[in-house]
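Breakdown of the fold
Here is how the chains run, residue by residue.
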Amino acid sequence: MPVGDYDADLASVFSILPRDKAREARDYVAKRLKVAEAAIEDDLAWADFDRSGKLLRGGLSSITDHSTRILPAETDNPQIAAILGNVARHGLSAGHISWDPGVQMLFWYVPITPSNRDNVGKRRLRGFAVTQLLFSEFLDIFNEDSGLTQAEIRTVFQVIGGASLRAAADLDALSYETKRAHLKNACSKLMCSGQRELITKLLGQMVHFISISEGEASHAGFIEPFFARYLSRNARLLSRRLSDGRLVNIVEFGPPGGRPVLLSHGVLFALLMRDAGPHLDRLGLRVVTPIREGYLEIRPTSSLFDQDDLLRQWVDDAHGLIREYIGHPCVVVGNSTGARAAVRLALEAPKEVASLVLVSPTLMQTESLRSGKIAGFFDALRGLVSNSRLFKAVTWRFKKYYLSEKTCRVALMQLFGDNAADREVLERPFSSDASSYAMFSDIYSSSLRGVAADFSFEFDSVHREMLALKMPFSILHGRDDPMLRAAEMIAQLPEPLGRTVTTLDGGHFLGVTAADAVWDHVAAQNG
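Nothing here was measured: the structure is a model prediction, and the numbers come from that model.

1. Digging into the overall build of the chain
If you tally the helices and strands in the chain, you get 27 helices and 14 strands. Sorting the 527 residues of the chain into buried and exposed places 54% on the buried side. Taking all contacts inside the chain whose residues are at least 6 apart in sequence as the whole, residues at least 24 apart take part in 69%. Accessible surface for the chain amounts to roughly 22,900 Å². Of this, 53% is attributable to carbon and sulfur atoms.

2. Some thoughts on the confidence of the model for the chain
Summing up the model confidence of the chain, the mean pLDDT is 81 and the portion of residues at 70 or higher is 78%. Every residue in residues 36-40 is under pLDDT 50, and counting partners more than four places away or in other chains gives eight contacts. In this model residues 366-376 is a low-confidence stretch, pLDDT under 50, and it forms 19 contacts with partners more than four residues away in sequence or in other chains.

3. Some thoughts on the state of the cysteines
Structurally, a disulfide amounts to a covalent bond that connects the sulfur atoms of two cysteines. Counted by the stated rule, this structure contains zero disulfides. Of all cysteine sulfurs in the structure, the one in Cys187 sits closest to Cys192, which takes part in no disulfide; the separation is 5.9 Å.

4. Some remarks on helix 10 (residues 223-230)
Note that an α-helix has 3.6 residues per turn; residues three or four places apart therefore point the same way. Of all eight residues that make up helix 10, six are buried, and the element is covered over most of its length. Those residues of helix 10 not exposed but buried are Ile223, Glu224, Pro225, Phe226, Phe227 and Tyr230.

5. Re the side chain of Asn419
Here Asn419 is to be found in the loop between helix 19 (405-416) and helix 20 (420-427). Note on Asn419: relative accessible area 9%, which makes it buried. At a separation of 3.0 Å, a polar atom in the side chain of Asn419 contacts the main-chain amide nitrogen of Ala421. Residues contacting Asn419, with those up to four places away along its chain left out, are Asp480, Pro482, Gly506 and Gly507.

6. Details of the packing of helix 5 (residues 150-160) against helix 7 (residues 176-189)
Contact pair helix 5 / helix 7: the axes reach a minimum separation of 9 Å and the direction vectors enclose 95 degrees. Regarding the angle of helix 5 to helix 7, the classification is roughly perpendicular. Side by side, helix 5 and helix 7 meet where Ala151, Glu152, Arg154, Thr155, Val156, Gln158 and Val159 of the first sit next to Lys179, His182, Leu183, Asn185, Ala186 and Lys189 of the second.

7. Here's the deal with the packing of aromatic side chains
A complete count under the given rule lists 11 aromatic pairs for this structure. Taking 5.8 Å as the distance between ring centres and 50 degrees as the angle between the ring planes, the aromatic pair formed by Phe135 and Phe138 counts as tilted. One end of the pair is Phe135 and the other is Phe138, both in helix 4 (residues 132-142) and three residues apart, which spans about a single turn. Assigned by exposure class, Phe135 and Phe138 land together as buried. Look at Phe135 and Phe157: their rings are 5.2 Å apart centre to centre, the planes differ by 45 degrees, and that puts the pair in the tilted class. Of this pair, Phe135 sits in helix 4 while Phe157 sits in helix 5; the two residues are 22 residues apart in sequence, bridging distant segments of the chain.

8. What about the side chain of Gln79?
On the secondary structure map, Gln79 appears in helix 3 (residues 78-90). When near neighbours in sequence (up to four residues on either side) are disregarded, Gln79 contacts Asp43, Ala45, Leu60, Met105 and Ala129.

9. Quick look at the pattern of salt bridges
Overall, the coordinates contain 27 salt bridges when judged by the stated rule. Its salt-bridge partner being Arg154, residue Asp172 comes within 2.9 Å of it at the nearest N-O pair. On the criterion of sequence distance, the pair formed by Asp172 in the loop between helix 6 (165-171) and helix 7 and Arg154 in helix 5 is long-range, its members being 18 residues apart. For the salt bridge of Lys179 with Asp172, the shortest nitrogen-to-oxygen distance reads 2.8 Å. Residue Lys179 is classed as buried on the basis of its relative accessible area, which comes to 1%. Through salt bridges with shared partners, a single network forms among Arg312, Asp316, Arg340, Arg344, Glu348 and Glu465.

10. Observations concerning unusual backbone geometry
The bulk of non-glycine residues show a negative phi, and the bulk of peptide bonds are trans. The phi angle at Ala173 is positive, at roughly 55 degrees, despite the residue not being glycine. Within the secondary structure, Ala173 is located in the loop between helix 6 and helix 7. With a relative accessible area of 71%, Ala173 lands in the exposed category. A positive phi angle, near 55 degrees, is found at Ser336, a position not held by glycine. Among the secondary structure elements, Ser336 is positioned in the loop between strand 11 (330-335) and helix 15 (339-348). Classification of Ser336 by relative accessible area gives buried; the value is 10%.

11. Let's talk about a negative patch on the surface
Together, Asp20, Glu24, Asp27, Asp140 and Glu144 make up a negatively charged patch on the protein surface. Sort the elements by how many residues they give to the negative patch and helix 2 (residues 19-34) lands first, with three residues. Here Asp20 lies in helix 2. When its relative accessible area of 41% is taken as the criterion, Asp20 is described as partly exposed.

The rules behind each value
- Residues numbered from 1 in each chain as written.
- Predicted model: local features only at pLDDT ≥ 70, side-chain atom pairs only at ≥ 80, totals over all residues.
- Heavy atoms only, no water.
- Helix = DSSP H or I, 4+ residues; strand = E, 2+ residues; numbered from the N terminus.
- Buried < 20%, exposed > 50% of the residue type's maximum accessible area, 1.4 Å probe, protein only.
- Contact = heavy atoms within 4.5 Å.
- Areas by Shrake-Rupley, 256 points an atom, 1.4 Å probe, with all protein chains shown as cover.
- pLDDT = per-residue confidence, 0-100.
- Disulfide = S-S within 2.5 Å.
- Polar contact = N/O pair within 3.5 Å; in protein donor to acceptor, adjacent residues only side chain to side chain.
- Axes fitted to C-alpha atoms, helices over the stretch in contact; angles between N-to-C directions.
- Parallel < 35°, antiparallel > 145°, perpendicular 65-115°, else oblique.
- Phe/Tyr/Trp six-rings, centres within 6.5 Å; stacked < 30°, edge-to-face > 60°.
- Salt bridge = Lys/Arg side-chain N within 4 Å of Asp/Glu carboxyl O.
- Patch = residues over 30% accessible without salt bridge, like charges linked within 9 Å, V, L, I, M, F, W, Y side chains within 5 Å.
- Lys, Arg positive; Asp, Glu negative; His and termini not counted.
- Charge placed at Lys NZ, Arg CZ, Asp CG, Glu CD.

See the structure below:
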C-alpha cells in the first residue's frame, strides 16, 4: 500500500501530539507500512507446558490491543513450533532464556500457576517466543526516549539471550569492536552501568510479557477448559477488548479468512457446531460466536442473582464486535434460546445486520412449556429471574445433581428423547470422546445466570420485535422439534412471520442432522 495515501490521515491522527512526537509517530507508522509482513508485528507467541514437558496449549497475545487467541496443543502455528523446537534442543527449565540464531528469536521460560477450575495449583511453564521486531516494540514501551538504534537493539536482543559479543559479531558480519560499541551505547542510553545491569533491568521489564499473555487469557475463566474439552479441534478461542473497555470471549468456527457470520448461541451450541467444520470450509463461512455473559462463568452462588440486563449487555457486545472486529454488516444467526438476543440485536442495530436467520428458535409459548413432564423445569427457570430465594435454591440443586452425567442424560432424554434424530445426536460423543451429557453438565454448572435470563422474556414482545425488523428474515425449524413442533410454531406466529418459516425434517438439533440445509441457507443470505 502506498504510504502517501495515508499522509493526511496520519497527520490528523497525530495532530494532538507535540510537533516532534507527531513527526516521530508518522515516521514510525510510515516505516511499518513499508514492512512486508504487516503494518505492525505485535503478537506475542507463548506456549504452556506441564511439569513433564508436555505441551498443553499455545497462545498469541497482542501487545497493542491486549486481545488473546488460545491455540490447542495440536496447532501448526510456526511460532509455537519454534518454541517446541527450542525446547527439543535445550530442554525445559524455569527461568531459562536463550537467543536462537537459526530462527532469530528470543526464548524465555517462566513458571505460572493457573487458577481456573480444572487446574488449581497445577504449575506450568510458559515459554515465550520473541522476534526482534517485537522486542523492539517492547523496548519502546518502557524506554521510549532512549533513542536506541536498530543495531543497538539487535545487539541487546542477542546479549539478553546469552549470545557472546564475538558470536553476535560473527553472525552479523561485523567486527567485535563494532558490536562492543553498540552494547556500550545501549547501556548508556538505558542508564545502565554495564552489561549485567542492562540484563537485570530488561529482564525485569520483560515480566510485562506474563501480564500480556495471562491477563486476557485468564479472562476466559471457565470457557477455556470447556473449549479445550469440546471445541478445540474445530474452533479458535479469542479474548477481545472492545473500545468501551469490555472484554468479550469469542469462539470462531470455520476458515479464518471466511465470510463472517455472527452466532447468538443457545445452551447446547457445542452440539450445533460439533460437525459444522466441513460445511463451513466448503462454503467459506467463519462463524464468530461471542459467549454471552451469564454463560460459562464461575461465580459464588450468592453473587449469581443480580439485576444486570444480560440481553442488553450481549447486544452491546455483539454490536461492538460487528463494528470493530468484523468491520461490516453481516448475517446474524440465532440458535435455540439465543434467538431472543439475535432478534433484539437486529432490531436495535439494523445497519449492522445484513440478514437474520433463526435456527430452532425457542421463542414461542407451547403446551409443553405450560404443562406436562417438563413444566416444572421451565417454570423454575422463569421464576429464577424474579425470586432470589428460588434462584439460590434451584442453583444449589443444579450444582448438586447436574455434576452427574447420568442425571444429565435423564434430563436431556426428558427434553429430546422422543425424537430419534435428536437422541442419536446426544448419544454420539465429541471427537475428544467426551459425552454430550458431560458437556451439558459443564454448561449447566456454569451458566445458570444466562439460562435463567433466556427464559425471562414475554413471548408477545418478541413477536412485536420480529414484525418490526427491516432486514431479510427467516426461520429454520425441525418438523418434529420436541421443544416446539414446526406446525405449532407457524400457528402461533403472526401471519406475516409464518411465511418466513422453512420446515426441515428433524428435531431440535438441525445444525447436526440437517447441517447441509442449514449452512447452505446461511451462506445464501450472506450473498
